[in-house]
Amino acid sequence: MNKSITKENNCKTTLLESSKRRKIDCEMSENNLIKCVNNEDPENLSVTVYEDNDNDISFFNKSNKKRVIGSSFSKRSPLTTINKTLNQTSSQQDACKPSSSKTPLKKSESVLKKFQAKEQNLVNPFELLSDEILLHIFQYLPKKTLHRVALVNTRFSRVILDESLWIRMDLGNRALKRGSIGKIVSRGFIILRLAQAKIQSPIFESHFRYEGFQSKLQYLDLSLASIDVTALAQLLKVCHSLKKLSLEHVPVDINVCKEIAECRDLEVLNLAMCEGLNQESVIILMANLRFLTALNISWTNLSSESVEAIVSLITPSIMRFNISGCRRSLTDTSLQILINRCPNIVELDLSDCTLLTSLAIQAVTALTKLEYLSLSRCYNIPMTSYLVLNNVKSLLFLDVFNLLSDAGLQMLEKTFKNIGVNKFIHSSVARPTVMPRRTSIWGLRTRD
């Protein structure tokens, strides 16, 4: 009896102890287990709680880096399993910590102070360069880039205003806004190409004082440009230093001719196909332009009085002259007056002057320096008259387009062995550009 009683008591005590132990194990929260895990060094830890009635022990498996709480070696189903990585727990701890914004601000302030100190110690390398070196660098930049560089600092804007950077400009085929011409001219350009440009009026801004102002422009090409007559007169009023000027196919009037006449040093003048020329304007031009060496006044619908004024007043220094297209105004007498006044003519274009006869050929033979002669479409000159030109030893080229048949042309070529026949379709007298050259005028570059 005593043994049975003691056995019962022992069973009861073991049951009570196991139940208490089970309660304790179940009451352990997940947070307490995570805390236990966080104290360990391994990266990955797992905590498993097992139910066991036997004598439970704690076992740490180092190979698997797992802690087993309240478990025996036999296989049992766990009550709870917690797997947490060290990174997750650390992120949770960081999230739970109160954020302190003072430290990063202090770091940023210190970095800023260091940067400012370094910036104070730095030296601008451009300050070590002289203005001459900067000019040498800037001369390789295009004009658009120079405008942008001028916005960098005051020194660059001052250096860029130097006239050596603004010698030439090509604005051909451009549409220029109001007042832009005034800014361009005031820059100090020497070579300016405005061929086929569309120029809006007024060309000067209201505050621009062009009274008394004179630009340094010497070479101006306005061939086929779209510009008002009044605006053209205003432009030429500030360009009295011109040496070469082209107004091909641009309307002119008496005021424009007066401003051209003020260019006392003008050497080359191209007025081909200009409208508005009359006897008065021609007299003004011929009486004042005493240094002309090349003049192109072709196809301008000149009257007989205008032609007579030209041949009687033109400067004797003329060497290249184009007066083609005077179908009803240029006669043999007028040509004789021209040759007597200008014996140094080297290039002469008389195309489409249909009133000329064989007497014109006789007059031309007096030009001992003549190298080029054009008599294309002069239908009143007989073929046999051209044979007299063989006596002009200086003659190199002869154009007689639309006058001779192929057989007659071959015979003329055999007669003139040292003369090139029909080599040039278009005349180049006083014209700024010849053939495909579009980046230069009169042999001078217009682009950097």
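Residues numbered from 1 in each chain as written. Predicted model: local features only at pLDDT ≥ 70, side-chain atom pairs only at ≥ 80, totals over all residues. Heavy atoms only, no water.

Draft legend 1. How the structure looks around the overall build of the protein chain. Each helix and strand counted, the protein chain has 15 helices and 19 strands in total. Evaluated residue by residue, the protein chain yields a buried proportion of 40% over its 448 residues. Sequence separation of 24 or more characterises 65% of the internal contacts of the protein chain that already satisfy a separation of 6 or more. (Helix = DSSP H or I, 4+ residues; strand = E, 2+ residues; numbered from the N terminus. Buried < 20%, exposed > 50% of the residue type's maximum accessible area, 1.4 Å probe, protein only. Contact = heavy atoms within 4.5 Å.)

Draft legend 2. The arrangement of the sheet that holds strand β17 (residues 420-421) in detail. With respect to topology, eleven strands assemble into an open sheet ordered β5-β7-β9-β10-β11-β12-β13-β14-β15-β16-β17, the strand pairing being parallel. The sheet terminates laterally at β5 (168-170) and β17, the two strands that pair on one side only. Pairing between strand β11 (residues 268-270) and strand β12 (residues 294-296): three bridges, direction parallel. Across the sheet, Asn 270 pairs through a bridge with Asn 296, a residue of β12. (Pairing = 2+ DSSP bridges.)

Draft legend 3. View of helix α11 (residues 279-288). Among the residues making up α11, those that are buried are Ser 281, Val 282, Ile 284, Leu 285 and Met 286. Against the buried residues of α11 lie α10 (254-261), β12 and α12 (304-313). The distance from a side-chain oxygen at the start of α11 to the backbone nitrogen of Glu 280 is 3.3 Å, and the residue carrying that oxygen is Asn 278. (Polar contact = N/O pair within 3.5 Å; in protein donor to acceptor, adjacent residues only side chain to side chain.)

Draft legend 4. Representation of the packing of aromatic side chains. Counting across every chain of the model gives four aromatic pairs. Taken together, a centroid distance of 5.9 Å and an interplanar angle of 90° make the contact between Trp 166 and Phe 189 edge-to-face. Here the residue Trp 166 occupies a position in the loop between α7 (154-160) and β5, and Phe 189 occupies one in the loop between α8 (180-186) and β7 (191-193), the gap between them amounting to 23 residues. Phe 189 shares its class with Trp 166; the two are buried. Summarising the aromatic geometry, the rings of Tyr 372 and Phe 424 are spaced 6.0 Å apart at their centres and angled 75° between planes, so their arrangement reads as edge-to-face. In this pair, Tyr 372 is assigned in strand β15 (residues 372-374) and Phe 424 in the loop between β17 and β18 (440-441), connecting sequence segments 52 residues apart. You can call Tyr 372 buried: its relative accessible area is 7%. (Phe/Tyr/Trp six-rings, centres within 6.5 Å; stacked < 30°, edge-to-face > 60°.)

Draft legend 5. Examining the packing of helix α9 (residues 229-237) against α10 more closely. Axis separation between α9 and α10 bottoms out at 9 Å; the angle between their running directions is 15°. With respect to each other, α9 and α10 are oriented roughly parallel. Read as a crossing pair, α9 and α10 show a hand that is left-handed. Of the residues in α10, those touching α9 at Val 229, Leu 232, Ala 233, Leu 236 and Lys 237 are Asn 255, Val 256, Glu 259 and Ile 260. (Axes fitted to C-alpha atoms, helices over the stretch in contact; angles between N-to-C directions. Parallel < 35°, antiparallel > 145°, perpendicular 65-115°, else oblique. Left-handed = near helix turned anticlockwise from the far one by under 90°.)

Draft legend 6. How the structure looks around the pattern of salt bridges. Applying the stated criterion across every chain yields a total of nine salt bridges. With a closest N to O distance of 3.2 Å, Arg 158 and Asp 131 form a salt bridge. With Arg 158 in helix α7 and Asp 131 in helix α5 (residues 131-138), this residue pair connects regions lying 27 residues apart in the sequence. For Arg 158, a relative accessible area of 48% puts it in the partly exposed group. Note that Lys 183 is salt-bridged to Glu 205, the shortest N-O span being 3.4 Å. One end of the pair, Lys 183, is in helix α8; the other, Glu 205, is in the loop between β8 (198-199) and β9 (219-221), with 22 residues separating them in the sequence. (Salt bridge = Lys/Arg side-chain N within 4 Å of Asp/Glu carboxyl O.)

Draft legend 7. The packing of α10 against α11, seen in detail. Where α10 meets α11, the axes come as close as 9 Å, and the angle between the chain directions of the two elements is 5°. Taken together, the axes of α10 and α11 lie roughly parallel to each other. Between α10 and α11, the contacting residues are Ile 254, Cys 257, Lys 258, Ile 260 and Ala 261 on the first element and Glu 280, Ser 281, Ile 284, Leu 285 and Asn 288 on the second. Considered class by class, the residues forming the contact of α10 with α11 number six nonpolar, two polar and two charged. (Nonpolar A, V, L, I, M, F, W, Y, C, P; charged D, E, K, R; others polar.)

Draft legend 8. Main features of the nonpolar core. By size, the foremost hydrophobic cluster in this structure holds 97 residues, and its most contacted members are Leu 194, Leu 220, Leu 247, Ile 260, Phe 321, Leu 348 and Leu 389. For this core, the leading source of residues is α9, giving five residues. Residue contacts for Leu 389: discarding those within four places in its chain leaves Ile 361, Val 364, Thr 365, Leu 373, Leu 395, Leu 398 and Phe 416. (Core = buried A, V, L, I, M, F, W, Y, C linked by side-chain atoms within 4.5 Å.)

Draft legend 9. Up close: the confidence of the model for the protein chain. A residue-level look at the protein chain finds 72% of positions with pLDDT of 70 or above and a mean pLDDT of 80. Low confidence marks residues 49-77, where pLDDT is under 50. Its contacts with residues over four positions away, or in another chain, come to 55 contacts. Low pLDDT (under 50) marks residues 99-105, which in the prediction has zero contacts with non-local residues, meaning those over four places away or in another chain. (pLDDT = per-residue confidence, 0-100.)

Draft legend 10. Representation of unusual backbone geometry in the model. Backbone torsion omega between Ser 201 and Pro 202 reads 0°, so that peptide bond is classified as cis. Its location among the elements puts Pro 202 in the loop between β8 and β9. Of note, Ala 430 is a non-glycine position whose phi angle comes to about 65°, a positive value. On the secondary structure map, Ala 430 appears in the loop between β17 and β18. Residue classification places Ala 430 among the buried positions, given a relative accessible area of 7%.

Draft legend 11. Structural context of the side chain of Ser 334. Its place among the elements puts Ser 334 in helix α13 (residues 332-341). Excluding its chain neighbours within four sequence positions, the residues that come into contact with Ser 334 are Val 307, Glu 308 and Val 311.

Draft legend 12. Geometry of helix α15 (residues 406-415). Inspection of α15 places Gly 408, Leu 409 and Leu 412 among the buried residues, and these make up the whole buried set. Down the axis of α15, the smallest arc covering the buried residues is 100°, so these residues share one side. Residues of α15 that are exposed and point more than 90 degrees away from the buried face comprise Asp 406, Ala 407 and Lys 414. Buried residues belonging to α15 abut β16 (397-399) and β17. (Arc of directions from axis to C-beta.)

Draft legend 13. Quick peek at the environment of Leu 367. By the element assignment, Leu 367 lies in the loop between α14 (358-364) and β15. What makes Leu 367 buried here is its relative accessible area of 0%. In this structure, the C-alpha to C-alpha distance between Leu 367 and Asn 340, residues 27 residues apart in sequence, is 9.0 Å. The contact partners of Leu 367, leaving out residues within four places of it in the chain, are Ile 339, Cys 342, Pro 343, Ile 345, Leu 348, Val 392 and Ser 394.

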